[in-house]
Amino acid sequence: GENVEQHPSTLSVQEGDSAVIKCTYSDSASNYFPWYKQELGKRPQLIIDIRSNVGEKKDQRIAVTLNKTAKHFSLHITETQPEDSAVYFCAATTPRSSNTGKLIFGQGTTLQVKP
Amino acid sequence: EAGVTQFPSHSVIEKGQTVTLRCDPISGHDNLYWYRRVMGKEIKFLLHFVKESKQDESGMPNNRFLAERTGGTYSTLKVQPAELEDSGVYFCASAQQGLRGETQYFGPGTRLLVL
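Notes on the structure in this doc start here. (Residues numbered from 1 in each chain as written. Chains lettered and ligands numbered in written order. Predicted model: local features only at pLDDT ≥ 70, side-chain atom pairs only at ≥ 80, totals over all residues. Heavy atoms only, no water.)

### Some points on the environment of Glu85(B)
And then number 1: Residue placement: Glu85(B) occurs in the loop between β8 (75–79) and β9 (88–95).
And then number 2: Through-space distance from the C-alpha of Glu85(B) to that of Lys15(B) is 9.7 Å; in sequence the pair is 70 residues apart. (Helix = DSSP H or I, 4+ residues; strand = E, 2+ residues; numbered from the N terminus.)

Here is the structure:
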């Protein structure tokens, strides 16, 4: 079945450094890849997403890259700040004919940014 | 715009009891998803409603779980009888079909502990 693998499970960086989280997916038909950030005790919040017709998307300090051939996508956070500390989830979905679909999540990465 | 809301925020019950979780999606969102995160693991899909119809219930663990969305507005997820392994955080997400696909907005979750 559909599967998403996410690495690393934990990541600790110094404030100001960059952080990279990587995910691979199994279903070559997947065409939508969101990233969610979940702070302690709060709801998962969408921070960026990418669709299969583009290779890269950037929003201020956050960027996502997609390699469809290799079936992997990555989240890049530059100039990290303590408030970036959270659990990050990647996900993939294969929209059906109605163009909606369940999200298959990775296992999550706990990012700690040390001041 | 009000976000997705869930009730209760926490529930502690004994094995064998019944619990009903409620989700109120964003107004106007036809798509409603239930997910569950068991301690330290990935967020897993349970089922998907489009309006009042079950579009995909392939993630429901067993027949102790019953989801409804009468009238196509709020949804309930009932667990009867609850077992220890049902403990986890139950998330609801809603989405409205847009021309570029959908973005799923998550609720804060219900933390269920079965003792």
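What follows continues from the structure just given.
### Structural notes on the interface of chain A and chain B
And then number 1: At the interface, 21 residues of chain A touch 26 residues of chain B.
And then number 2: Contact between chain A and chain B buries roughly 2,000 Å² in total, counting both sides, with carbon and sulfur atoms accounting for 48%.
And then number 3: In this structure, the connection of chain A to chain B is made through zero salt bridges.
And then number 4: Where chain A meets chain B, there are seven residue pairs in polar contact (both at pLDDT 80 or more).
And then number 5: For the side of chain A that touches chain B, the secondary structure elements donating two or more residues are β4 (32–38) and β5 (45–51) of chain A.
And then number 6: Tallied by class, residues from the side of chain A that touches chain B come to seven nonpolar, eight polar and six charged. (Contact = heavy atoms within 4.5 Å. Buried area = accessible area lost by both parts, 1.4 Å probe. Salt bridge = Lys/Arg side-chain N within 4 Å of Asp/Glu carboxyl O. Polar contact = N/O pair within 3.5 Å; in protein donor to acceptor, adjacent residues only side chain to side chain. Nonpolar A, V, L, I, M, F, W, Y, C, P; charged D, E, K, R; others polar.)

### Overview of the packing of aromatic side chains
And then number 1: Here the structure, examined in full by the defined rule, presents 13 aromatic pairs over all chains.
And then number 2: Taking the centre distance of 6.1 Å and the plane angle of 85 degrees together, the rings of Phe89(A) and Phe105(A) count as edge-to-face. Within this pair, whereas Phe89(A) is found in strand β9 (residues 86–92), its partner Phe105(A) is found in strand β10 (residues 104–105), the two being separated by 16 residues in sequence.
And then number 3: When its relative accessible area of 0% is taken as the criterion, Phe89(A) is described as buried.
And then number 4: Between Tyr33(B) and Tyr35(B), the aromatic rings sit 6.1 Å apart at their centres with planes inclined by 25 degrees, giving stacked as the arrangement. The pair Tyr33(B) / Tyr35(B) is uniform in exposure class, with both members buried.
And then number 5: Ring-pair connections join several aromatic residues into one group, and the members of that group are Tyr36(A), Phe89(A), Phe105(A), Tyr33(B), Tyr35(B), Phe45(B), Phe91(B) and Phe106(B).
And then number 6: Over the ring of Tyr74(B) we find Arg22(B), and its NZ or CZ is 3.7 Å from the ring centre. (Phe/Tyr/Trp six-rings, centres within 6.5 Å; stacked < 30°, edge-to-face > 60°. Buried < 20%, exposed > 50% of the residue type's maximum accessible area, 1.4 Å probe, protein only. Lys NZ or Arg CZ within 6 Å of the ring centre and 35° of its normal.)

### A look at a nonpolar patch on the surface
Residue and element names in this part refer to chain B.
And then number 1: Taken together, Val12, Leu113 and Leu115 make up a surface patch of nonpolar side chains, about 290 Å² in accessible area.
And then number 2: Within the element layout of this structure, Val12 appears in strand β2 (residues 10–13).
And then number 3: According to the relative accessible area criterion, Val12 is exposed, its value standing at 56%. (Patch = residues over 30% accessible without salt bridge, like charges linked within 9 Å, V, L, I, M, F, W, Y side chains within 5 Å. Areas by Shrake-Rupley, 256 points an atom, 1.4 Å probe, with all protein chains shown as cover.)

### Observations regarding the sheet that holds strand β7 (residues 65–68) of chain B
Residues and elements named next belong to chain B.
And then number 1: Pairing in this open sheet of four strands is antiparallel, and the strands run β1-β3-β8-β7 from one edge to the other. Strands at the two margins of the open sheet, each flanked by one partner only, are β1 (5–7) and β7. Adjacent strand axes in the sheet meet at a mean angle of 15 degrees, parallel and antiparallel pairs treated alike. (Pairing = 2+ DSSP bridges. Axes fitted to C-alpha atoms, helices over the stretch in contact; angles between N-to-C directions.)

### Quick word on the nonpolar core
And then number 1: Ranked by internal contacts, the top residues of the largest apolar core, which has 25 residues, are Trp35(A), Phe73(A), Leu75(A), Tyr88(A) and Leu111(A).
And then number 2: Contributing elements (two or more residues each) for this core: β2 (10–14), β3 (19–25), β4, β5, β7 (62–67), β8 (72–77), β9 and β11 (109–114) of chain A.
And then number 3: Counting residues in hydrophobic clusters, the runner-up holds 21 residues, among them Leu32(B), Trp34(B), Leu77(B) and Leu112(B). (Core = buried A, V, L, I, M, F, W, Y, C linked by side-chain atoms within 4.5 Å.)

### As for the environment of Leu11(A)
Residues and elements named next belong to chain A.
And then number 1: Considering the arrangement of structural elements, one finds Leu11 in strand β2.
And then number 2: Here Leu11 falls in the buried class, since its relative accessible area comes to 19%.
And then number 3: Between the C-alpha atom of Leu11 and that of Pro115, which follows or precedes it by 104 residues, the distance is 14 Å.
And then number 4: When sequence neighbours within four positions are dropped, the list of residues in contact with Leu11 reads Ala19, Val20, Ile21, Thr109, Thr110, Leu111 and Gln112.

### A look at the state of the cysteines
All names here are of chain A.
And then number 1: Counted under the stated rule, the structure contains two disulfides over all chains.
And then number 2: Disulfide pairing is shown between Cys23 and Cys90; the S-S distance is 2.0 Å. The disulfide joining Cys23 to Cys90 has a torsion of about -100 degrees about its S-S bond and is therefore left-handed. Taken together, the residues Cys23 in strand β3 and Cys90 in strand β9 connect sequence positions 67 residues apart.
And then number 3: Assessed through its relative accessible area of 0%, Cys90 is described here as buried. (Disulfide = S-S within 2.5 Å.)

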